[in-house]
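# Architecture at a glance
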Amino acid sequence: MRLTIERAALFKALSHVQSVVERRNTIPILSNVLLTADPDRLRLSATDLDIEICEGVAAEVSRPGATSAPAQYLHDFVRKLPENAPVELEVKDGDQRLFLRGGAARLHLPVLPAADFPTMPTDGFENRFLIHPTELKRLLDKTRFAISTEETRYYLNGIFVHTVKGETGDMMLRAVATDGHRLALAEASAPDGSTGMPGVIIPRKTITELRRLLDDAADSVEIAVSPQKIRFAINDALVTSKLIDGSFPEYARVIPRGNPRELRVTNSLFLEAVDRVATVSAERSRSLRMALRDGALTLTVNNPDAGVATEDLACEYDQEAMEIGFNARYLMDVAGQIEGETAIFAFSDSGSPTLVRDDADPHALYVLMPLRV
Amino acid sequence: MSFLCRSCGAAGLDEGAPCCLVPRRITHPELETLTLAHIDCDAFFAAIEKRDDPSLVAKPVIVGGGERGVVATACYVARAYGVRSAMPMVRALALCPTAVVKKPDLARYRAEGRMIRAMMETLTPQVQAVSIDEAYLDLAGCEALHGASAAAVLSRLQNRIEEERGLTVSVGLSHNKLLAKLASEADKPRGFAIIGRSEALAFLAERPLNALPGVGPAAVKALERAGFATVSALQSAEPTALGKALGERGLRLQAMALGRDERIVAPESGRKSLSSETTLPQDVAEKEALEDQLWLLCERISSRARAEQTAGRVVTLTLKDARFRVRTRQRTMSQATLLARRLFEESRQLLAAEADGRTRFRLIGLGLSDFATAAEADRGDLVDHETPKRAAAEAAIAEVRNRFGAAAMDTGRALKVRRRAKPGDSA
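Residues numbered from 1 in each chain as written. Chains lettered and ligands numbered in written order. Predicted model: local features only at pLDDT ≥ 70, side-chain atom pairs only at ≥ 80, totals over all residues. Heavy atoms only, no water.

### Quick word on the overall build of chain A
Convention followed: Every helix listed is a DSSP run of H or I at least four residues long, and every strand listed is a run of E at least two residues long, numbered separately from the N terminus. Here's how the labels work: a residue is buried when its accessible area is under 20% of the maximum for its type, exposed when over 50%, partly exposed in between, all with a 1.4 Å probe on protein chains only. The contact rule is simple, with two residues in contact once any of their heavy atoms fall within 4.5 Å. Areas reported here follow the Shrake-Rupley algorithm with a probe of radius 1.4 Å; residue values treat only the protein chains shown as occluding.
Helices and strands together make up the secondary structure of chain A, namely six helices and 25 strands. Of all 373 residues assigned to chain A, the portion counted as buried reaches 54%. Excluding contacts between residues fewer than 6 apart, the proportion of contacts in chain A whose partners are at least 24 apart in sequence is 67%. With an accessible surface of roughly 17,200 Å², chain A has 47% of that area assigned to carbon and sulfur atoms.

Spelled out as structure tokens, the structure:
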């Protein structure tokens, strides 16, 4: 294998793939990045056996071939090379080392055979569709904060994505995440080809990797789904991930319908006020009390170990006075996702789930479980 | 010199005149001024068994678990044969083949311990229980209240425990915890020993190194290697030399050797965890069989948590393999629980990561900590609608057991394990 490649392009591709590499590995080859030199480009690939990221970069290849070398060293060395220097990569026949030259700097790294590098099978993707990166980002961002970290309920450790008939009768692509204390739901018109796809739970780590790549995404992202795997094609990168093998709970029944008491509050002011009073909240419960009466909302955090913080806010509320408690962190997470001017809360009573909506986005909603205060 | 008669309670200056028919007098120059005591029940578990079954009184009694377990307590008769606590049962029975072996009934012992502690707490609020059968008491400032010296109050307590509970305790009286504990060990059973300020150094100098708390065989070896073979050598050691040889630890040991101990008697701030463990009759590798034992532990912890109306968020699994290596694995739950079922679901996942089917385990234990109140526990959440139902079911089972006894209702798994464990069964 022998090729010349631009330093910047190599570095960018390396940083995209190397982040899936686990820092400690019991299987040595998983610390490596697979390098495959095709006639006109270099493909780089890394995996942790659950996720695989593969990216192609234009290169002048004088001798095609393939090898695998330690991802971390390669990435860090290339990062420190001078900006515009072209980088030469070479593995001599029968040599167990990768040779790299950038300007006057040279590096030899041990390699492991490319044939031993684990790759994910590419078959079985039955549903394929295109989605605009902005739309995909929206679905992920509005839900990912609610993903659970609890190991026991592993099926909550991701975002559930599926197609469903929306309220208007159109097919929607819907993303849902919950940790049992809050639930976040966002949907978009179902792209052509997505209808009928199996409902899938995309693991948290995959979401994180995906999200990083999406910031640079220019064109539509192609998504391919099978019951066990999902694949995203973003620019020149291909992210393939296993799915969480479990069934996501029947979430629809916990979304309250027809909660009678509606509160409308200016979201930016609400978010700032919650943040302020939460300063003294107890580390564990972060309990915050909302007291509602005609046209007024009072937020209180009372922490015997720290102090009492209170703030009054003007709001639209004309129902019976009530008090309800929430985890301040959860309120801020939700308010942080609301883009419109107004947050709309719908309460039943102080012990029942509360619905929160964004007045500017009818296709997102949040459910919060109250705390006892 | 001041005296105190442990039989009749007479006290004053000892001028030789008799106070009662069977005087048991202690005299000590600091008798009137020392206030810090350590009280330790004598062969506690075995003594309770003997009290409750008088036919055992003259027999060697060992309390401990199963064929494979270890000695929890040996009575003084059994100790005469060389039986000691923590000794493997096989070894103990080889030394004393006539011993009567009793399975520990911790609930009964714990209840007894609580009653004795309650007696202590009538004397001073400064009672710090260090285990089920021993406690430190600080009686400073209580002399006026009781109209007697701390020594006299303690002697009365000792007699009262013997009369009302039928159990003997040993008392050590001094001016700090370290010396009080050493004193209670010095005159066992049914003893009353005093170590005053003036004699502390001489008393300690005569002790073997392993009499100091926290000094085991390894520490003794390290000390001997460094040239400190006795407590008195430690006492006179040059601190810099000692620090060089043994570091921080050496200086702590020297403070102990000099009888210095600044720890105060701190009444217990409440229990921090519930735990239970089982030494298996044989080493077990099979996951299913370990899970069966785990279920029994979950039931046990659940029922104790229920009795105390408490629940916990952290589950800890302890496993000891055939080579005595201990592993502990812990998991924090999103919501506190006191349910056997939830404890089991969490802990079996911890177990699944350890039980590879090859490693053989001799002990399995389970702990529940990071407490919350029972009211905060098992309330379910947005997607968990099962836990509240399960909570209602387990509460109902507990109620049935309360009314009709523990055996009135059992789960299939527990029944299976208990049947299998019956003696004579070929399992």
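Read on, since the account is not over.
### A look at the sheet that holds strand β14 (residues 200–203) of chain A
All names here are of chain A. Put simply, the rule is: Pairs of strands are assigned from DSSP output, requiring at least two bridges between the strands. Under this scheme, a helix contributes an axis fitted over its contacting stretch, all axes are lines through C-alpha atoms, and angles between N-to-C directions fall in the 0 to 180 degree range.
Taken in spatial order, the eight strands make up an open sheet running β14-β11-β12-β13-β25-β24-β23-β18, and their pairing is antiparallel. Single-partner strands in this sheet number two, and they are β14 and β18 (261–266). Direction aside, the axes of adjacent strands within the sheet are offset by 25 degrees on average. Strand direction decides the pairing type here: strand β12 (residues 171–178) and strand β13 (residues 182–189), joined by seven bridges, are antiparallel. Note that in β13 the partner of L173 across the bridge is A188. Together, β11 (158–165) and β14 form the strand contacts of helix α4 (residues 204–214), whose direction differs from that of β14 by roughly 70 degrees. Sitting on the sheet, helix α5 (residues 267–277) is in contact with β18 and β23 (342–347), with an inclination near 90 degrees to β18.

### Observations regarding a nonpolar patch on the surface
Residues and elements named next belong to chain B. Convention followed: Any residue with relative accessible area above 30% and no salt bridge may belong to a patch, with like charges joined within 9 Å and the nonpolar Val, Leu, Ile, Met, Phe, Trp and Tyr side chains within 5 Å. Between Lys or Arg on one side and Asp or Glu on the other, a salt bridge is scored when a side-chain nitrogen of the former is within 4 Å of a carboxyl oxygen of the latter.
A surface patch of nonpolar side chains, amounting to about 230 Å² of accessible area, comprises V77, Y81 and L95. Relative to the elements of secondary structure, V77 occurs in helix α2 (residues 76–80). Classification of V77 by relative accessible area gives partly exposed; the value is 30%.

### Remarks on the environment of B:A58
Inspection of the secondary structure puts B:A58 in the loop between α1 (44–52) and β5 (61–64). Each C-alpha atom of the pair B:A58 and B:C75 lies 9.9 Å from the other, and the pair is 17 residues apart in sequence.

### Remarks on the pairing of strand β8 (residues 127–131) of chain B
Residue and element names in this part refer to chain B. Inspection of the sheet shows β8 paired to strand β9 (residues 134–138) by four bridges, in the antiparallel sense. What sits directly across from S131, in β9, is E134. Counted along the chain from β8 to the antiparallel partner β9, the turn is two residues long.

### Overview of the sheet that holds β5(B)
Residue and element names in this part refer to chain B. Read from one edge to the other, the open sheet built from three strands follows the order β6-β5-β7, with strand pairing classed as mixed. Strand pairing shows two members of the sheet lacking a second neighbour, β6 (71–74) and β7 (100–102), which therefore form its edges. Averaged over all pairs of adjacent strands, the angle between strand axes in this sheet comes to 25 degrees, irrespective of strand direction. Summarising the sheet, β5 and β7 pair through three bridges and their orientation is parallel. Across the sheet, the residue bridging to V63 is K102, located in β7.

### Points about the pairing of strand β15 (residues 361–373) of chain B
Residue and element names in this part refer to chain B. Within β15, 10 of the 13 residues are buried, leaving the element largely enclosed by the surrounding structure. Here strand β12 (residues 273–284) runs beside β15; their pairing, made up of eight bridges, is antiparallel. Across the sheet, E277 pairs through a bridge with G365, a residue of β15. Looking at chain direction, strand β13 (residues 310–321) and β15 are connected through 11 bridges and run antiparallel. For V314, the partnering residue across the bridge sits in β15 and is S369.

### Section: the side chain of B:E394
Residue and element names in this part refer to chain B. Condition: Identification of polar contacts relies on pairs of N or O atoms within 3.5 Å, with a donor-acceptor requirement for protein atoms, meaning one able to donate a hydrogen and the other able to accept it, and with residues adjacent in sequence counted only if both atoms are side-chain atoms.
Take E394: it is sitting in helix α14 (residues 386–404). Polar contacts involving the side chain of E394 include one to the main-chain amide nitrogen of R341, which spans 3.0 Å. When residues no more than four places from it in sequence are discounted, the contact partners of E394 are S302, R306, L338, L339, A340 and R341.

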